[in-house]
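Residue-level structure breakdown
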Amino acid sequence: MKIYITLFLVVAFGFISLNAQDDQDSRTDLGVSLQLYPAGIIPTLNLEHYFDKKSSLLLRAGLNIVDRKDFSDFNQTEMGTGFGGSIGYRKHFPSGKGKFIAGINLDIWSLTIDWTDIGPTDAPTSGSTYTLVIQPWLEGGYFLPIKNTKSQIGLTVGFGREINAITSGDEVEQGFIGSVSLQYMFAL
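Rules and cut-offs
- Residues numbered from 1 in each chain as written.
- Predicted model: local features only at pLDDT ≥ 70, side-chain atom pairs only at ≥ 80, totals over all residues.
- Heavy atoms only, no water.
- Pairing = 2+ DSSP bridges.
- Helix = DSSP H or I, 4+ residues; strand = E, 2+ residues; numbered from the N terminus.
- Axes fitted to C-alpha atoms, helices over the stretch in contact; angles between N-to-C directions.
- Core = buried A, V, L, I, M, F, W, Y, C linked by side-chain atoms within 4.5 Å.
- Buried < 20%, exposed > 50% of the residue type's maximum accessible area, 1.4 Å probe, protein only.
- Contact = heavy atoms within 4.5 Å.
- Phe/Tyr/Trp six-rings, centres within 6.5 Å; stacked < 30°, edge-to-face > 60°.
- Salt bridge = Lys/Arg side-chain N within 4 Å of Asp/Glu carboxyl O.
- 1 Å grid on protein atoms, 1.4 Å probe; cavity = no way out; pocket = protein on both sides within 12 Å on 5 of 7 lines; lining within 4 Å.
- Points joined across faces, edges and corners; volume = space filled by probe spheres on them.
- Nonpolar A, V, L, I, M, F, W, Y, C, P; charged D, E, K, R; others polar.

**Some remarks on the sheet that holds strand β8 (residues 175–187)**
Overall, antiparallel pairing links the eight strands, which are arranged β1-β2-β3-β4-β5-β6-β7-β8 in a closed barrel. Across the sheet, the mean angle separating the axes of adjacent strands is 25 degrees when strand polarity is ignored. The pairing of strand β7 (residues 151–168) with β8 spans 12 bridges and is antiparallel. The residue bridging Ser151 from the neighbouring strand is Phe186, located in β8.

**Quick notes on the pairing of β7**
Bridge count between strand β6 (residues 124–145) and β7: 14 bridges; the pairing is antiparallel. Paired with Glu139 across the strands is Gly158, a residue of β7.

**Some thoughts on the nonpolar core**
Counting 11 residues, the largest nonpolar core is built from Tyr37, Ala39, Ile42, Val66, Trp109, Leu111, Ile113, Trp115, Val133, Val172 and Ile177. With four residues, the top contributor of residues to this core is strand β5 (residues 98–118). In this view, Ile177 contacts Tyr37, Gln135, Gly158, Phe159, Gly160 and Glu162; residues no more than four positions away in its chain are not counted.

**Considering the packing of aromatic side chains**
In this structure the tally under the stated criterion is three aromatic pairs. Between the aromatic rings of Phe159 and Phe176, the centroid separation amounts to 5.9 Å while the plane-to-plane angle is 5 degrees, which identifies the pairing as stacked. Of this pair, Phe159 sits in strand β7 while Phe176 sits in strand β8, and the two are 17 residues apart along the sequence. Assigned by exposure class, Phe159 and Phe176 land together as exposed.

**A look at the environment of Ile118**
With respect to the helices and strands, Ile118 occurs in strand β5. Each C-alpha atom of the pair Ile118 and Gln76 lies 7.5 Å from the other, and the pair is 42 residues apart in sequence. Contact partners of Ile118, with chain neighbours within four places excluded, come to Gln76, Ala123, Pro124 and Thr125.

**Things to note about the pattern of salt bridges**
For the structure shown, the criterion picks out six salt bridges. Where Glu162 meets Arg68, a salt bridge forms, and the shortest distance between an N and an O atom there is 3.8 Å. Taken together, the residues span a long stretch of sequence, with Glu162 in strand β7 and Arg68 in the loop between β3 (55–67) and β4 (77–95) at a distance of 94 residues. For the pair formed by Glu162 and Arg68, the shared burial category is buried. In this structure, Glu139 engages Arg90 in a salt bridge whose closest nitrogen and oxygen atoms are separated by 2.8 Å. Of this pair, Glu139 sits in strand β6 while Arg90 sits in strand β4, placing them 49 residues apart in sequence. Sharing partners across several salt bridges, the network here consists of Glu48, Arg90 and Glu139.

**Focus on the pairing of β5**
Direction of pairing for β4 relative to β5: antiparallel, over a ladder of 19 bridges. Within the sheet, the bridge partner assigned to His92 lies in β5 and is Ile101.

**Regarding empty space enclosed by the protein**
With the rule as written, the count across this model stands at one cavity of 30 Å³ or more. Here the largest cavity defines a volume of roughly 40 Å³. Every residue along the wall of the largest cavity is listed here: Ser33, Gln35, Asn46, Leu58, Arg60, Arg90, Trp137, Glu139, Ser181 and Gln183. Among the elements of the structure, β1 (27–37), β3, β6 and β8 are those that each provide at least two residues to the lining of the largest cavity. Across the lining of the largest cavity, the residue classes tally to two nonpolar, five polar and three charged.

Here's what the structure looks like:
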């Protein structure tokens, strides 16, 4: 999986360099985010490259910490972790002191899910499933600059779908998800 993340980052940075403009509006921000969804938490490192004042490319790399509680149709509990990242495109709409954003993203997560269930004879069963999750999602939110700095803080909401693209082991949950993300970015 590390080779896929490395390849992803090389292609993404190449894309940024090819599309970089010699324009004063072109810049790159670095930051962190904490994305919360009903079945987990995703802390990430973010790199956002602005093509101009109104559009940017977002790259994220992070850890997906899953605790599906009793949300699964397949198992009583599902817990796990995995690494991954995302690529996204954002449109920016200045408003007041800050800006609204609207974006489209594609996440890829390499997850190992430990699950427990009750078998056909009412005996507990457990196991571990590897799954490669592809997660397309839409986001919207608002960012405010932090006074006297090159920083900004934002809050976004997202809606998307988890799709278990590759599964090794018993079936685990997938489906629609909503999320809230708190983000801090600073200009390089």
